[in-house]
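# Structural overview for review
Here is what each chain is made of, one letter per residue.
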Amino acid sequence: MAKVTDRKQTKFLLDEKDLPRAWYNIQADMSNLPGPPLNPATREPIKPEELARIFPVALLEQEMSRERWIPIPEEVLDIYRLWRPTPLYRARRLEQYLKTPAHIYYKYEGVSPAGSHKPNTAIAQAYYNKEAGIRRLTTETGAGQWGSALALACQFFGIECRVYMVKVSYEQKPYRRLLMQSWGAEVIPSPSPMTEAGRKILAENPDSPGSLGTAISEAVEEAASRSDTNYALGSVLNHVLLHQTVIGLEAKKQMELAGEYPDVVIACVGGGSNFGGLVFPFLADKFAGREVRAVAVEPTSCPTLTKGRLTYDLADVAGLTPMLQMYTLGHDFMPPAIHAGGLRYHGDSPLISMLVHDGLVEAKAVDQLPTFEAAVTFARTEGILPAPESAHAIRAAIDEALAAKEAGEERVILFNLSGHGHFDLGAYELYFAGRLQNYSYPEELIAASLARLEAMARR
Ligand SMILES: Cc1ncc(COP(=O)(O)O)c(C=O)c1O
């Protein structure tokens, strides 16, 4: 890549011909991999044929693969071309506002039709399901970002899509629902009376606001009960993070254009997909001996990596999914209704969990109010109104830039702006009205949830 020499250059753009042709599989380079998924009934490693009830074989192979590079099918690349490569920006106006010597860069994934990074894997998943002869996909969605990405992908490949949307988000975000409907998906508030898992939760608490764990149970139950239907997950699993590595692979080329290499790479973490997407290709350099820090940012209201435990836990509430080895707050953890719906998940990607455990990735939790403050600062300097999830990465990037100022050092900071916040204006309205609060999940509730998990492990 020829370096750009214009001192005012703000956008670093790649051509369509520079699109990555293969995804980067970090499993090829990690010396300490997470343990295999377990069958919740037997606690034995789950057999591929058990998972084949809900996932196509091609995705299961990617889940386990140790190949470093996995080719991206042409049909997927053709759709990526609609918005990829995404731009890399130098946040010059934010730097000036902060009066920091740091150079701040951000990769902007909000230019996809759905407004976030989620279509990078939705397109791939819909493609492999279509190839396997599947006619319907079910999924869950929190903030609505993943549901809209899958609705879009299913529309492109002519597959029916049913989305179980966490009830609190369904009520808070009618416009995301309408976007999914525009792309042809059916959207059901979860918990719903349509599945056994949903009926059980409604019987215990008719006013349940729902959670990602519950919505996953509903979507998996339906997929497992029909041969024409599979399930698609928007985060956490290895193949999902794999598909997202197009973000970091492009960003590396773009940083080359800028003639810089990041000292620190930052992304928010819900289940870990945008973090893995941006950061894993840089960790490949770290494995090869290059210095680079990686920071995973989560909300204090759902502090999985900073306060959870690394152990085997269920990925959903009803226990229909395999047990994964990951940092978890316990699968019955019911997060408060904070306004970053996509970060309200009790677990985290097993790959990221191991990397945090082994000290290759730092984890940091930030409060809701400073996060919104950072989001507004970003909107007023750079112009883009970020998704509340992405604002967690902005908060951490600003903190790094202020630390560089304090130290008088010209550090290079790269973060992922995983989506725009145009469907999150309700949250901004509450913030401007002074009606949002900080919320640290109470230690004793975390301890109680983890104790229940331990009791389950002894059964
Ligand atoms: C814009 C945005 N960023 C981040 C996330 C968090 O998910 P993940 O950790 O898988 O990137 C979400 C989840 O919905 C999201 O919508």
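Residues numbered from 1 in each chain as written. Predicted model: local features only at pLDDT ≥ 70, side-chain atom pairs only at ≥ 80, totals over all residues.

Near the ligand there are 21 residues, and of these Gln145, Ser235, Gly270, Gly342 and Gly419 occur at the shortest range. Broken down by secondary-structure element, the contributors of at least two residues to the shell around the ligand are α6 (145-157), α13 (273-287) and α17 (388-407). Taken together, domain 1 (11-18 + 73-115 + 239-458) and domain 2 (62-67 + 118-238) each give at least three residues to the shell around the ligand, which thus spans both. (Near = placed C-beta within 6 Å. Helix = DSSP H or I, 4+ residues; strand = E, 2+ residues; numbered from the N terminus. Domains from an automatic or database assignment.)

What follows is about the nonpolar core. Generally speaking, a soluble globular protein has its nonpolar side chains buried in company with each other. Leu150, Ile266, Ala267, Ala296, Ala397, Ile413 and Phe415 are the most contacted members of the largest nonpolar core, which has 130 residues in total. In terms of residues, this core owes the most to one element, α17, which gives eight residues. Taken domain by domain, the makeup of this core includes at least three residues from each of domain 1 (11-18 + 73-115 + 239-458) and domain 2 (62-67 + 118-238). Apart from the residues within four sequence positions on either side, Ile266 is in contact with Val295, Val297, Ala393, Ala396, Ala397, Glu400, Ile413 and Phe415. (Core = buried A, V, L, I, M, F, W, Y, C linked by C-beta atoms within 7 Å. Buried ≥ 20, exposed ≤ 12 C-beta atoms within 10 Å, placed from the backbone. Contact = placed C-beta atoms within 7 Å.)

So, about unusual backbone geometry. Of note, the amide linkage connecting Arg84 to Pro85 takes the cis form, showing an omega dihedral of -10°. Within the element layout of this structure, Pro85 appears in the loop between α3 (74-80) and β4 (88-90). Here the residue pair Ser190 and Pro191 is connected by a cis peptide bond, since its omega of 10° sits within 30 degrees of zero. Structurally, Pro191 can be placed in the loop between β8 (186-190) and α9 (196-204).

Let's shift gears to the sheet that holds strand β9 (residues 229-231). In spatial order, the strands read β8-β7-β6-β9; together these four strands make up an open sheet with parallel pairing. Only two strands of the sheet have a single neighbouring strand rather than two, namely β8 and β9. Shown here is a sheet whose adjacent strand axes are inclined to one another by a mean of 25°, direction ignored. Pairing geometry for strand β7 (residues 160-166) and β8, over five bridges, is parallel. Residue pairing in the sheet places Val163 in a bridge with Val187 of β8. (Pairing = 2+ DSSP bridges. Axes fitted to C-alpha atoms, helices over the stretch in contact; angles between N-to-C directions.)

Another point: helix α10 (residues 212-224). The end-to-end C-alpha separation of α10 is 18 Å, in line with the 18 Å expected for 13 residues at 1.5 Å each. Burial of α10 is extensive: 12 of the 13 residues sit out of reach of the surface. Three or more residues of α10 are buried, namely Leu212, Gly213, Thr214, Ala215, Ile216, Ser217, Glu218, Ala219, Val220, Glu221, Glu222 and Ala223. Contacts made by the buried residues of α10 are with β6 (136-141), β7, β8, α9 and β9. (Expected span 1.5 Å × (residues − 1).)

Among the five residues in strand β10 (residues 264-268), five count as buried, and that is most of the element. With burial as the criterion, each face of β10 is covered, one bearing Val264, Ile266 and Cys268 and the other bearing Val265 and Ala267. Relative to strand β11 (residues 293-299), β10 runs parallel, the two being bridged by five bridges. Across the sheet, Ala267 pairs through a bridge with Ala296, a residue of β11.

We now examine α13. Taking 1.5 Å per residue as the helical rise, α13 with its 15 residues ought to reach 21 Å, and the 20 Å between its terminal C-alpha atoms agrees with that figure. Of all bends in α13, the biggest is about 40°, found at Phe280, and the proline Pro281 comes one to four residues later. Taken across its 15 residues, α13 has 12 buried, putting it largely inside the fold. Those residues of α13 lying buried are Ser273, Asn274, Phe275, Gly276, Gly277, Leu278, Val279, Phe280, Pro281, Phe282, Leu283 and Ala284. In the segment just after α13, Gly289 is the residue with positive phi, at about 105°. (Bend = angle between axes of the 7 residues up to and from the residue.)

This part is about the packing of α6 against helix α8 (residues 174-182). Two measures define how a pair of helices packs: the angle their axes make with one another and the distance between the axes. At their nearest, the axes of α6 and α8 sit 8 Å apart, and the two run at 10° to each other. When the axes of α6 and α8 are compared, the pair comes out roughly parallel. Across the interface between the two elements, Gly147, Ser148 and Ala151 from α6 touch Arg176, Leu179 and Met180 from α8. Residue classes in the contact of α6 with α8 are distributed as three nonpolar, two polar and one charged. (Parallel < 35°, antiparallel > 145°, perpendicular 65-115°, else oblique. Nonpolar A, V, L, I, M, F, W, Y, C, P; charged D, E, K, R; others polar.)

With that settled, the discussion passes to the environment of Pro85. For Pro85, a count of 25 C-beta atoms within 10 Å gives the class buried. Separated by 55 residues in the primary sequence, Pro85 and Glu140 place their C-alpha atoms 27 Å from one another. Ignoring anything within four residues of it in the chain, the contact list for Pro85 reads Leu14, Asp18, Leu19 and Glu250.

Assigned domains within the protein: domain 1 (11-18 + 73-115 + 239-458) and domain 2 (62-67 + 118-238). With centres defined by C-alpha atoms, the gap from domain 1 to domain 2 works out at 22 Å. Within the residue set of the side of domain 1 that touches domain 2, elements represented by two or more residues are α3, α11 (238-244), α12 (246-258) and α13. Of the residues that constitute the side of domain 1 that touches domain 2, the class distribution is 21 nonpolar, 19 polar and three charged.

Now for the packing of α12 against α13. Remark: α12 packs on α13, axes separated minimally by 6 Å, with the N-to-C direction vectors making an angle of 55°. With respect to each other, α12 and α13 are oriented oblique. Helix-helix and strand crossings are classified by hand; for α12 and α13 the assignment is right-handed. Here α12 contributes Ile247, Gly248, Leu249, Ala251 and Lys252 to the contact with α13, which in turn contributes Gly277, Leu278, Val279, Phe280, Pro281 and Phe282. (Left-handed = near helix turned anticlockwise from the far one by under 90°.)

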